[in-house]
Amino acid sequence: MAVKTAGVLAFQRSLYATDAQFYSVLPHQQEKPVWVIRHGIRGTQNVNKATEKEFSNIQITDTAKLDPAAEKMKVVFDIKFFDLANSLFACAKGKKDKEKDTVKKFRATYDAFLTRAKDSHGLKEVVLRYVRNCTNGRWLWRNLTLASTATITVVKNDETEHGLSFDAVALSRKGFTDYTADELALAELFVANLQGYATDRFRVTALLDFGMPGVQVYPSQLYTSNKPKGFARPLYAVGAEEPVRTVEDVMHFQATRKMGQAALRDDKVANAIRTIDTWYPDYESIQRPIAIEPQGVSLELQERFRIKKASAFEIIQQIDELDPDSPNGMFMIASLIRGGVYSGE
């Protein structure tokens, strides 16, 4: 039976990830930040409608490269899970709600689903998929495809002696089967946090070997409106940028500028970890997981894969009888962990 959702309904995230910062790994295991450098470049003009007289393409752009002495890069982020019992952030009567007990009924129904979900196989499967995406390096995006080897280590609360290591290249990014013993062990720790039995922080560290020094690497690219003419792309960087020097002396002309330490944005990292949805209707034909989104929106594929009854907005109305071990139940659990606004108005 369909449950009427509250007019004002929102869930806060139960999964938080930090920015993933880049470091060059030098000989003797020394480390230094990978910098985003802003500089000029003279490229060639290759747009479709370029005229015969247009050959050069002068631009200002950002790039990030390893230190000339470094063949390896370390990328680090932290991840934390919070008790699902605290996920309901706002639940109140809306202006169009005529029934007095709408909020009370929904809260009771939601609490009953959480009770079923917390001890379910469905929650464990959702978390195992998060673990797989932490350990297979999906969150490294383009950088992973360039590496000859990639080792990922996960440590709980700085307990380095109990850290778990994974060969990211050997683990599948196409499906979620054949979990290793270490993946199963890590999933138990994640689940305990979502169940409210623990409050741990996990540090995820990737060590990538590119087989050659000084290679270009790829932090998040920022999308901005109203870019100055001649500016190609900004890259994401953390920390203070190098001040602009305004000098007239040509010997002190500033040709390049440090914009901060290269990093992958927290949202981009979390999106990769949430790419676990193989329960959407078209999966059999698409054969690739998509990120958990209420309507299954994939920016990469430019498609909305969950519409009408397959959307989280519709599934949440069946939450009173939803089996957390079913495909829709696992999708709903992952949607609640993601957080979002589900207001009935």
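Residues numbered from 1 in each chain as written. Predicted model: local features only at pLDDT ≥ 70, side-chain atom pairs only at ≥ 80, totals over all residues. Heavy atoms only, no water.

**Student:** Would you take a moment to explain the packing of aromatic side chains for this structure?
**Tutor:** When we look at a pair of aromatic rings, we describe it by the centre distance and by the angle of the planes. Counted under the stated rule, the structure contains 11 aromatic pairs. Note on Phe11 and Tyr110: the rings are 5.2 Å apart at their centroids and 40° apart in plane angle, and the pair reads as tilted. Separated by 99 residues along the polypeptide, Phe11 in strand β1 (residues 8-11) and Tyr110 in helix α1 (residues 102-118) bring together distant segments of the chain. Each of the two residues, Phe11 as well as Tyr110, counts as buried. Ring centres of Tyr16 and Phe82 lie 5.5 Å apart, and the angle between their planes is 80°; this geometry places the pair in the edge-to-face category. Separated by 66 residues along the polypeptide, Tyr16 in strand β2 (residues 15-17) and Phe82 in the loop between β7 (72-81) and β8 (88-92) bring together distant segments of the chain. Accessibility expressed as a relative area gives 36% for Phe82, which makes it partly exposed. Over the aromatic face of Phe331 sits the side chain of Arg306, whose NZ or CZ is 3.5 Å from the ring centroid. (Phe/Tyr/Trp six-rings, centres within 6.5 Å; stacked < 30°, edge-to-face > 60°. Helix = DSSP H or I, 4+ residues; strand = E, 2+ residues; numbered from the N terminus. Buried < 20%, exposed > 50% of the residue type's maximum accessible area, 1.4 Å probe, protein only. Lys NZ or Arg CZ within 6 Å of the ring centre and 35° of its normal.)

**Student:** Looking at this model, I keep getting lost on the environment of Ala237. Mind explaining?
**Tutor:** Here Ala237 lies in strand β13 (residues 237-238). As a C-alpha pair, Ala237 and Ile37 span 200 residues in sequence and 9.6 Å in three-dimensional space. Excluding residues within four positions of it along the chain, Ala237 makes contact with Val36, Met259, Gly260 and Gln261. (Contact = heavy atoms within 4.5 Å.)

**Student:** What is the right way to look at the environment of Asp277 in this model?
**Tutor:** Within the secondary structure, Asp277 is located in strand β15 (residues 275-277). Spatially, the C-alpha atoms of Asp277 and Lys227 are 35 Å apart, while their sequence positions differ by 50 residues. At 2.9 Å, the side chain of Asp277 and the side chain of Arg306 are in polar contact. (Polar contact = N/O pair within 3.5 Å; in protein donor to acceptor, adjacent residues only side chain to side chain.)

**Student:** Would you mind showing me how to read the pattern of salt bridges here?
**Tutor:** Oppositely charged side chains can form a pair if their charged atoms are brought close together. Here the structure, examined in full by the defined rule, presents 14 salt bridges. For Lys74, the salt bridge goes to Glu31, with nearest N and O atoms at 2.9 Å. Here Glu31 lies in strand β4 (residues 31-33) and Lys74 lies in strand β7, a separation of 43 residues in the sequence. Taking the relative accessible area as the measure of exposure, Glu31 reaches 41% and is therefore partly exposed. Across the salt bridge formed by Lys118 and Asp83, the nearest N and O atoms sit 2.7 Å from each other. Placement of the pair is Lys118 in helix α1 and Asp83 in the loop between β7 and β8, with a sequence separation of 35 residues. Several salt bridges share partner residues, and in doing so they unite Asp78, Asp158, Arg201 and Arg203 into one network. (Salt bridge = Lys/Arg side-chain N within 4 Å of Asp/Glu carboxyl O.)

**Student:** Please explain helix α5 (residues 266-273) as it appears in this structure.
**Tutor:** Count 3.6 residues to each turn of an α-helix, and residues three or four apart come out pointing the same way. Of all the positions in α5, only Val269, Ala270, Ala272 and Ile273 are classed as buried. An end-on view of α5 places all buried positions within 160° of arc, on one side of the element. Against β2, β3 (20-25), β7, α2 (121-135), β14 (256-264) and β15 lie the buried residues of α5. (Arc of directions from axis to C-beta.)

**Student:** What is the right way to read the environment of Leu189 from this model?
**Tutor:** Mapped onto the elements of the fold, Leu189 is located in helix α4 (residues 181-194). Discounting residues that sit within four places of it in the chain, Leu189 has contacts with Lys156 and Phe202.

**Student:** So what exactly am I meant to see when it comes to α4 here?
**Tutor:** With 14 residues, α4 should cover 20 Å at 1.5 Å per step; its first-to-last C-alpha distance of 20 Å lies within 8% of that length. Looking one or two residues past α4, Gly196 carries a phi angle of roughly 90°, positive in sign. (Expected span 1.5 Å × (residues − 1).)

**Student:** Would you mind going over the sheet that holds strand β19 (residues 340-341) with me for this structure?
**Tutor:** Note: strands within a sheet are paired through backbone hydrogen bonds, in either parallel or antiparallel orientation. Taken in spatial order, the 3 strands make up an open sheet running β8-β1-β19, and their pairing is antiparallel. What marks the edges here is a single partner per strand, and that holds for β8 and β19. Strand direction decides the pairing type here: β1 and β19, joined by 2 bridges, are antiparallel. In the strand pairing of β19, Ala10 is matched with Val341. Taken strand by strand, α1 contacts β1 and β8, and its axis lies near 150° from that of β8. (Pairing = 2+ DSSP bridges. Axes fitted to C-alpha atoms, helices over the stretch in contact; angles between N-to-C directions.)

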